[in-house]
Structures are given as C-alpha cells and as structure tokens.
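What follows is the residue order along each chain.
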Amino acid sequence: MKKKDNQQPTTNNQRFETNAIRNQLDRTQYLEHSSPMFLTSSYVFEDAEDMRASFAEEKERNIYSRYSNPNTSEFVEKICRMEGAEAGFAFASGMAAVFSTFAALLDSGDHILSARSVFGSTHSLYTNFFPKWNIKTSFFEVDDLEGLESKIQLNTKIIYAESPTNPGVDVLDLEFIGQVAKKHNLIFIVDNCFASPYLQQPIQFGADLVIHSGTKLMDGQGRVLAGITVGNSALVEKIYRFSRITGPALSPFNAWVLSKSLETLAIRVERHCKNALQLAQFLEGHGKINWVKYPFLKSHPNYEMAKKQMKAGGCVVAFEVKGGLEAGRKFFDSIKLLSLSANLGDSRSIVTHPASTTHSKLSEEERSRVGITDGMVRVSVGLEHIDDIIADVKQALEEMK
Ligand SMILES: *Cc1c(COP(=O)(O)O)cnc(C)c1O
C-alpha cells in the first residue's frame, strides 16, 4: 500500500520524468542523495502500547516486510503517480500480481470475461487452475468488441485485457471496454506491461486496476522479477489484505533496483520505441516476410486507436517470415547479435518464437485464434544502435532460402 508519510514532498503539477526521479524516500541521518536499501524483515516498537496500536492499524507504519517496506513503498508510490492511481501493492513477479489480484477479488462461482489474446501464463490460470475453484472464464475477440456486451453473464465480475497484446501487438479500444464495464458494474483490469506507464495510463480510459510485470520495461535491464497492481483504493485494499496473508510481496532489494530503473524509464522507453519503429519500417519493405505489425505503423489495423491511447508504439515488433516453421528455424539459427530469449523490454534486443515457446501450451487452434502462426517472430527491440539491430535481422533473413 501507499505510505504517504514516508515521502519527500512533490507537487502534483510535476511532470512524469520529475516525479520518477524526485519522488523518493525521506533522507536518513546520513543525508544520502539516492535512496538507500532497507534490507530488513521486521521493524521495532517503542513499547507495548506502540506495538498494540501498530498492529491494530491505528498507525500507518512498517511492521513486517511481508506487509510493507520503505523500498517497496517508494516503488509503489512512483507507479501510482505514473498511472494516476490511488493505491497499489507490489509483488515478487508479474504473475504473482495477476494471480493475487484475481484471487483477492473473485469468489467461487464468479466469471471472468477476458480478451482471448493474453499472456500465456494468464491464459493457463484461466484454463488449468481457476476451474478447480469454480471460477470460469470466457473470451472476447480483440477484433470484435461489438460482441463484448453480449458475452457478459449474470455472474461476470471482471473484464480483463492487455493492450498492446502479446505477441500479436493488437491494440484494444480501452475507453470502449471501460464504458461497457462501468455500465454493467464490472471491475475492468488492464495488464499494461507492453505499454509501460510512460506510454499509456489505462485508468484515464476507465480501468479500475492496472497490472504490470516490472520484469519488463520497468527494470529494463533484465535483472529482476517484479509485479505490481495499482488503481482504485477499495479494490487495492482487498488485494492488500489477501497478499499480506499469502506472502507474494516484492523483495526490498528488487524494489530498490526498480525505483532506480524508473528514474530512466521515460528516456529508455523513448529510445526503445524509436528503434522499434525503424526496425518495423525496414521489415515492411522486405521481400522475405509476409507481414509486419507494430502499433505505430500506418498499416497496423488499429493505428488510429494506438495514436489516441499511446505516446509511442512500444518495444515489440511482430512479423511472419515466408516459408513457415522451416524458414523460421533458419532465421533463428542465423541470428548473431540479438538474444534468443523469452523476455522482453530489455536493453538487449530479443527474438522469440511464440509458437514453440511462450505459447506452446496453447493448442494449435487456440494459437491460430490469437494470431500466432508457425512463422511468426516477435522482436523486443532493445537499446543497441539501430543500425546494428537492423543489420543482424537483415543478414538472418538473407540466410533463409
Ligand atoms: C511477462 C508478462 C507477465 C508476467 O510477468 P512475470 O514478471 O514474468 O511474472 C504478465 N503479463 C505480460 C503482458 C507479460 O509480458
């Protein structure tokens, strides 16, 4: 949760970059310039009365780092300001945030209405785990929002979406979904990981809660796992109550790393997007690919929506090589500079083959329904010089028959 009393004053009219840098913990007796790390599992009390009052929550203070820690609070406070959220809770990973958010808000018999195209592990929660607690999920298509309302059931409690989606970088009309959710009194949750808070703030478009994997653009250097949920304070309170008991809290060390990373989020994400757009433009004219998708390419089916919702197109470019699986393999084996890895939002560019990795748990039919073909490649465009990124992709495409 937010711990407002612990922060140095920043005024509300400060911009994104200034908040990211100047919104930090109060200085200690050592007058450090940059926030120190608080690697402590618990905190001490003055006397019996102080301890009683603290446990009774008559005081807002740190008791035990499963509940809160100064470094975690600093990280949460920064993200709340970036997203325009009232409160938040930070988790050990993005999936801990996704799971704990659902688990805290849903009861047996409830129903989730989710976009079909979501992160692979989120999809596995719907199909492999939630049914055993009698929580059912049905899906709406990212290109058929007209049909959204008709899929709401009497027991629907949550509408869930990602935009841009993984790995197909589809862009959803968040404002439209937000209006439908509001009309039917449903909780609208957006996984904003692909955009980062710098490019898009879903609460503006009607989201009640925003989830991030801090592992991606927030850290941005492939070092730590983290997750966070921010938004409406009454909902966050439920998530906090659940999480302080079940223990998925972010480690103070990782929170400290992330707060440092956020200081450079704006400048990093800007360069990611610039590089990604240039790679997408290079691929668009290439004879060995069938299609390329990037939210800020004019050829993207939701280009206008992307322009309205996002400051820039993000770090992920999706494309399909000609020649299917065989050609795709050859392309991967010919890559020299870029990393073959499953992560994204890293300073190092990464190529992934969703069909055989992140989305291999889906059936072939499920894959094709979310637009994942055998020849599809996802590039998370990093911060290397764009000429070197393009040169590597170019030579690998030339190696294909
Ligand atoms: C990576 C990712 C997650 C899960 O985050 P972890 O930190 O890996 O647990 C959730 N949603 C999206 C869109 C992601 O890219």
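Conventions and cut-offs
One numbering rule holds for all chains: residues counted from 1, following each sequence as written. Predicted model: local features are reported for residues with pLDDT of at least 70 only, side-chain atom pairs are reported and counted for 80 or more only, and whole-chain, interface and lining totals are derived from all residues. Hydrogens and water are ignored here; the side-chain numbers use all heavy atoms of the structure. Counting from the N terminus, the helices are DSSP H or I runs at least four residues long and the strands are E runs at least two residues long. Our radius of gyration looks at C-alpha atoms and nothing else; its globule reference is 2.2 Å times the residue count to the power 0.38. Residue exposure (1.4 Å probe, protein chains only): buried if accessible area is under 20% of the type maximum, exposed if over 50%, otherwise partly exposed. Throughout, a residue-residue contact means that at least one pair of heavy atoms, one from each residue, lies within 4.5 Å. Accessible surface is estimated by sampling points in the Shrake-Rupley manner with a 1.4 Å probe; for residues, cover comes only from the protein chains shown. Charge counting treats Lys and Arg as positive and Asp and Glu as negative, with His and both chain ends excluded. By convention, the charge on Lys lies at NZ, on Arg at CZ, on Asp at CG and on Glu at CD. Two cysteine sulfurs form what is called a disulfide whenever their separation falls within 2.5 Å. Think of a salt bridge as a Lys or Arg side-chain nitrogen and an Asp or Glu carboxyl oxygen that are within 4 Å of each other. Domain delimitation in this document rests on an assignment produced automatically or drawn from a domain database. By buried area we mean the combined loss of accessible area, with a 1.4 Å probe, across both parts when two parts are placed together. Pairing between strands is defined by DSSP: at least two bridges between them are needed.

Draft legend 1. Layout of the overall build of the chain. When helices and strands are counted, the chain shows 14 helices and 12 strands. Against the globule reference of 21 Å for 401 residues, the chain gives a C-alpha radius of gyration of 22 Å, in line with a compact fold. Structurally, the chain occupies a C-alpha span of about 75 × 55 × 35 Å along its principal axes. For the chain, the residues scored as buried account for 57% of the 401 residues in total. Of the contacts made within the chain by residues no fewer than 6 positions apart, 71% connect residues no fewer than 24 positions apart. A total of about 17300 Å² of accessible surface is found on the chain, and carbon and sulfur atoms cover 51% of it. Placing the 45 positive and 48 negative side-chain charges of the chain at their respective mean positions leaves the two points 1 Å apart.

Draft legend 2. Structural context of the state of the cysteines. In this structure the tally under the stated criterion is 0 disulfides. Distance from the sulfur of cysteine 193, which forms no disulfide, to the nearest cysteine sulfur (cysteine 315) is 8.4 Å. Under the relative-accessibility criterion, cysteine 193 is labelled buried at 7%.

Draft legend 3. Representation of the side chain of serine 334 in the model. Within the secondary structure, serine 334 is located in helix α12 (residues 324-334). Among the residues examined, serine 334 registers a relative accessible area of 8% and is labelled buried. Among residues more than four places away in sequence, those in contact with serine 334 are Gln395, Ala396 and Glu399.

Draft legend 4. Broad picture of the pattern of salt bridges. Counted according to the given criterion, the structure contains 18 salt bridges. Put simply, glutamate 57 and arginine 241 hold a salt bridge, and the shortest N to O gap is 2.7 Å. Here glutamate 57, found in the loop between α2 (48-55) and α3 (70-83), pairs with arginine 241, found in helix α8 (residues 233-246); they are 184 residues apart in sequence, far enough to count as distant. Residue glutamate 57 is classed as partly exposed on the basis of its relative accessible area, which comes to 38%. What makes arginine 241 partly exposed here is its relative accessible area of 32%. A salt bridge links arginine 348 to aspartate 346, with the nearest nitrogen and oxygen atoms 3.1 Å apart.

Draft legend 5. View of the domain arrangement of the chain. Domain parsing of the chain yields domain 1 (16-264) and domain 2 (265-399). Between domain 1 and domain 2, the C-alpha centre-to-centre distance is 27 Å. Contacts between domain 1 and domain 2 engage 41 residues on the former and 40 residues on the latter. In total, domain 1 and domain 2 occlude about 3400 Å² of area from one another, counting both sides; carbon and sulfur atoms represent 60% of this.

Draft legend 6. Region of interest: the pairing of strand β7 (residues 227-231). Burial within β7 is extensive, with 5 of its 5 residues counted as buried. On β7, burial covers both faces: Gly227, Thr229 and Gly231 on one face and Ile228 and Val230 on the other are all buried. Pairing analysis gives 5 bridges linking strand β1 (residues 87-91) to β7, with the strands arranged antiparallel. For alanine 87, the partnering residue across the bridge sits in β7 and is glycine 231. Examined bridge by bridge, strand β6 (residues 209-213) and β7 share 5 bridges and lie antiparallel to one another. Note on β7: the bridge partner recorded for isoleucine 211 is threonine 229.

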